[in-house]
Amino acid sequence: MTARRDVLVVGAGPIGLVAALLLADAGVPTTLVEKETEPGDLPRAISLQDESLRTLDQLGVADALKAESLLDTGSRYFGLGDRLLLEARPVASRLGHPAKTQFDQPVLERLLWDRAVAHDGLEFLRGAEATAITQDDAGVNVTKAVAGETRTLTADWLIGADGGRSLTRRAVGIDLVGTTQPQRWIVVDLLNEPRARDPFAEFHGDGERPYVLVPGIKGRLRIEFMLFDDEDPDAMTASERIRELVVPRFRAELAPGDVRRAVVYVAHQRVARSYRAGRAFLVGDAAHLMPPFAGQGLNAGIRDATNLTWKLIEAIAGGATERLLESYEVERRTHGAAMVRVSRRIGAVVMATHPILTRLRDTVVRTVSLVPRVRELLANMRFIAPPDYTAGVAVECPDVTLDGVTVGRALSQPVVRDTTGAERGLDAHLGRGWALLQIGGPPEAAVDAYWDAIAAKRLCVRAPGDEPADGMVAETTAVLTCGAGSRPVFVAVRPDRYVAAVFDPAHEHRVVERLRGFVDDRRRQTDPSSEITYARPSLDRNTR
Ligand SMILES: O=C(O)CCc1cccc(O)c1
């Protein structure tokens, strides 16, 4: 007998693991198919943003990861003569986690993998290679091979988290559009770094051989060097050559065990023409490939998984309209493509070697930095813009505003005090699904039946100094409440912690009607009182 699961995830790299765990935690019968039998041990990605840590916190792995990471890092850009051109200091984040963290990918993969293995609600098929993928109106079929024996699994939905060479992407006929950089780089990951380094990624465009340094904790240090056209990759990764590159310029000694990996790569700057074909969705590197210079690749993938999974959970619960499913591409492809562009531009600035270009670059950066607004934008890395989902699942009410909250943007995560006096991040009070916050005004018996039907968690957020009663929390510093007046304002928060709407009672009907175009409460079949957004008896493991 063949059992049917709701979602099949192909690929248990970090993005596939995040997607599968988010689904399984919500009670969705999910199968994760991975050809390897152990988690990845290569330190590929190295930068994590606050928003990614927010998702990882929801999965219960953020604290353990933070203990192995260099938190709150900045970036320094150096020009000719190794003179500092620009310093982006660590910035304060609104999301309750450090804005930028240097982490170790194998540590993250191990944490997620172990959680996936232990998860009762997740069927994690290791050592199973997906070899064929088809779909029709009724569902998706993934053929997997284990030790030469093939079997076809069926599901309602498919998530292709199978990397840059994605079988899913090819099988469903989606192109990857863009180019590959002509420059090759060598990435050298070192251990046992003896020097304490400042918590900054350093970009050196010295007009000779551009290089990048990214420190970690526990003696980890990444150094990347650009290769010249006539340099042979094998010769450049030979241990003697690595030693010449590193010693004595970057450290006095290099023992064989100090080099964790040294490989040559070329960066792609490509985006899938579409993020969805029918019942199949692409996430992570299957959907976008970008140079590493903005530290965005893995973060874009975690955003994809966080964005897509709640929409699939709605689909499985029966409430998702076609527009909701389409909004995945509307929201994520736009931002993914923007991250590819900004990564390419930073790369072009760092990789310049022509004497005229490098001099011009340094002059332009110094000159524009004299303009306070530009300096502020550069120093806070605001050229790496966070997502804005106003073109997706968002309803704007121009007459209703709240200083600390913006529709289409991630909700801030202030520290709040609950009735017991405990102080925690707001996310701990929001649950897994939708939330309806009331900011300001007397507690209202809000409002439309819609919110209960979509199982929105209601919470009143009060100003610092207020005593929270049941169903309330009080901020420790005014963030969400800083513009609040005596009249109530409501904030509809999506399951991915993005703000869907800010409204007052007069606009509620309009907001509900518009949101119903994405999530139709009348078709939703979940238990609104349940913390689990979707729950159906899990599949009998023996029938698979
Ligand atoms: O965290 C950062 O800003 C640095 C990311 C980076 C840049 C260049 C190469 C690389 O491997 C990582």
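Residues numbered from 1 in each chain as written. Predicted model: local features only at pLDDT ≥ 70, side-chain atom pairs only at ≥ 80, totals over all residues. Heavy atoms only, no water.

A.B. asks: Whenever I open this one, the site of the ligand confuses me. Can you help?
C.D. replies: All residues in the neighbourhood of the ligand are listed as Ile-46, Ser-47, Ser-75, Lys-100, Gln-102, Ala-201, Phe-203, Val-212, Arg-222, Glu-224, Pro-292 and Phe-293. In the model, an oxygen atom of the ligand is placed 2.4 Å from a nitrogen or oxygen of the Ser-47 side chain. In this structure, Lys-100 approaches the ligand through a side-chain N or O atom, which is 2.9 Å from an oxygen atom. Contact with the protein chains hides 97% of the accessible area of the ligand, taken as 330 Å² for the molecule alone. (Near = heavy atom within 4 Å. Polar contact = N/O pair within 3.5 Å; in protein donor to acceptor, adjacent residues only side chain to side chain. Areas by Shrake-Rupley, 256 points an atom, 1.4 Å probe, with all protein chains shown as cover.)

A.B. asks: Help me out: how do you make sense of the pairing of strand β13 (residues 211-215) in this one?
C.D. replies: On a regular strand, each side chain points to the face opposite its neighbour's, so the side chains alternate between the two faces of the sheet. Counted residue by residue, β13 has five buried out of five residues, so it is predominantly covered. Every second residue of β13 is oriented toward a common face, with Tyr-211, Leu-213 and Pro-215 on one face and Val-212 and Val-214 on the other, all of them buried. In this structure, strand β12 (residues 200-204) lies alongside β13, joined through three bridges in antiparallel fashion. From the neighbouring strand, Glu-202 faces β13, where its bridge partner is Leu-213. Between the antiparallel neighbours β12 and β13 lie six residues, among them Gly-207 with a positive phi of about 80°. One ladder, built from five bridges, connects β13 with strand β14 (residues 221-226); its direction is antiparallel. Residue pairing across strands places Val-214 opposite Arg-222, the latter belonging to β14. (Buried < 20%, exposed > 50% of the residue type's maximum accessible area, 1.4 Å probe, protein only. Helix = DSSP H or I, 4+ residues; strand = E, 2+ residues; numbered from the N terminus. Pairing = 2+ DSSP bridges.)

A.B. asks: So what exactly am I meant to see when it comes to the nonpolar core here?
C.D. replies: A general trend in soluble globular proteins is that nonpolar side chains are found buried together. Ranked by internal contacts, the top residues of the largest apolar core, which has 140 residues, are Leu-56, Leu-411, Leu-437, Trp-451, Val-491 and Leu-515. Listed in part, the 17 residues of the second largest apolar core include Ile-242, Leu-245, Val-247 and Phe-250. (Core = buried A, V, L, I, M, F, W, Y, C linked by side-chain atoms within 4.5 Å.)

A.B. asks: Would you mind showing me how to read the side chain of Arg-261 here?
C.D. replies: The residue Arg-261 is located in strand β15 (residues 259-272) in this model. In terms of polar contacts, Arg-261 uses its side chain to reach the backbone carbonyl oxygen of Pro-43, at 3.0 Å. Ignoring any residue separated from it by four or fewer positions in sequence, one finds Arg-261 in contact with Leu-42, Pro-43, Arg-44, Val-187, Val-188, Asp-189 and Arg-222. (Contact = heavy atoms within 4.5 Å.)

A.B. asks: What is the right way to look at the UniProt feature "domain: FAD-binding" (unreviewed entry) in the protein chain in this model?
C.D. replies: Mapped onto this numbering, the UniProt entry annotates "domain: FAD-binding" (unreviewed entry) at residues 6-342. A helix fraction of 30% and a strand fraction of 33% characterise residues 6-342, whose end C-alpha atoms lie 36 Å from each other. (UniProt positions renumbered as here; feature names shortened; annotations may be inferred.)

A.B. asks: Looking at this structure, how should I read the pattern of salt bridges?
C.D. replies: Pairing of side chains with opposite charge becomes possible as their charged atoms draw close. Enumeration over the complete set of coordinates arrives at 38 salt bridges. A salt bridge links Arg-524 to Glu-314, with the shortest nitrogen-to-oxygen separation between them at 2.9 Å. In this pair, Arg-524 is assigned in the segment after α13 (508-516) and Glu-314 in helix α8 (residues 297-317), connecting sequence segments 210 residues apart. Each of the salt bridges in this network shares a partner with another, and the network as a whole consists of Glu-68, Asp-104, Lys-218, Arg-220 and Arg-260. (Salt bridge = Lys/Arg side-chain N within 4 Å of Asp/Glu carboxyl O.)

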